[in-house]
Amino acid sequence: MRLFRWMRGELETPRLILRRWKRQDFDAYMSIVSDPQVMIPAGCRPAETLQAAAAAFSRDLHNEDCFAIAVKATGEVVGRIKYQSDLRRFQVNSLSVGYELRRDCWGRGYMPEALRAMVTHAFEQKKVDVMAISHYAGNFRSQRVIEKCGFKLEGVVPWACRRCDGQICDDVCYSILRADYFAERQ
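Predicted model, so just to flag it, every value in this text is computed and none were measured.

Peer 1: Any details on the pairing of strand β8 (residues 152-162)? Residues and values, ideally.
Peer 2: Across seven bridges, the pairing between β8 and strand β9 (residues 168-177) is antiparallel. Residue pairing across strands places Cys161 opposite Cys169, the latter belonging to β9. Between β8 and β9, which follow one another and run antiparallel, lie five residues, and Gly166 among them has a positive phi close to 95°.

Right, dumping it as structure tokens:
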């Protein structure tokens, strides 16, 4: 059974639509990117000014690999998910994925649903050979999402990054290989 549908540049899941950002989404976008409890664990500096949020929004608005996560029943935008370069692999057909979800929507299963759609789309439409993802050690919410979606632990890079809050974090790395993705689907 297909868990998502790709139409007109949108991914549709049972409860969500992953779609390109629209100008009228700015307020919802701002509520996501300005929340330190959402952004810092994701490794991003929260937007502290309207100008910083507007600059980030402009980049995402024009990024065809960045999607607003909208609840299908209401159209409400609750998160952001995007394909990114896989910085750990060179000359390999791979992508990484990053995401943030509005804090009041945590625990509803939205992010695993959105991430599964992105993984399926990456392997079946974009034809990647590897999907990668990581989280900072201690980000147990992301760890659960990643593990629910079938990513396999590759390892931990100790002292991988100094976050915007000054904390030096280990990076916990995962991937799904194309062969494993299709073997699991059978």
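Back to the write-up after that little detour.
Peer 1: I'd like to hear about helix α5 (residues 140-148), residue by residue, with values.
Peer 2: Among the residues of α5, Ser142, Val145 and Ile146 are the ones counted as buried. Mapping the buried residues of α5 onto a view down its axis gives an arc of 95°, with all of them on the same face. In α5, those exposed residues whose orientation departs by more than 90 degrees from the buried face are Phe140 and Lys148. Residues of α5 that are buried make contact with β6 (94-101), α4 (110-124), β7 (130-136) and β9. Downstream of α5 by one or two residues, Gly150 has phi in the positive range, about 90°.

What counts, and at which threshold
- Note on numbering: residues in each chain are counted from 1, in written sequence order.
- Reporting in this predicted model follows two pLDDT cut-offs: at least 70 for local features of residues, and 80 or more for side-chain atom pairs to be given and counted; totals over whole chains, interfaces and linings ignore these cut-offs and use all residues.
- Side-chain calculation: all heavy atoms of the structure are included, whereas hydrogens and water are not.
- Strand pairing is assigned whenever DSSP detects at least two bridges linking the two strands.
- Helix numbering and strand numbering both begin at the N terminus, where a helix is a DSSP run of H or I of at least 4 residues and a strand a DSSP run of E of at least 2.
- Burial classes follow relative accessibility: with a 1.4 Å probe on protein chains only, a residue under 20% of its type's maximum area counts as buried, one over 50% as exposed, and anything between as partly exposed.
- Taking the helix axis as origin, the arc is that swept by the directions to the C-beta atoms.
- In this description, contact between two residues means that some pair of their heavy atoms is separated by no more than 4.5 Å.

So, to be careful, I would describe these as geometric facts and stop short of saying anything about function.
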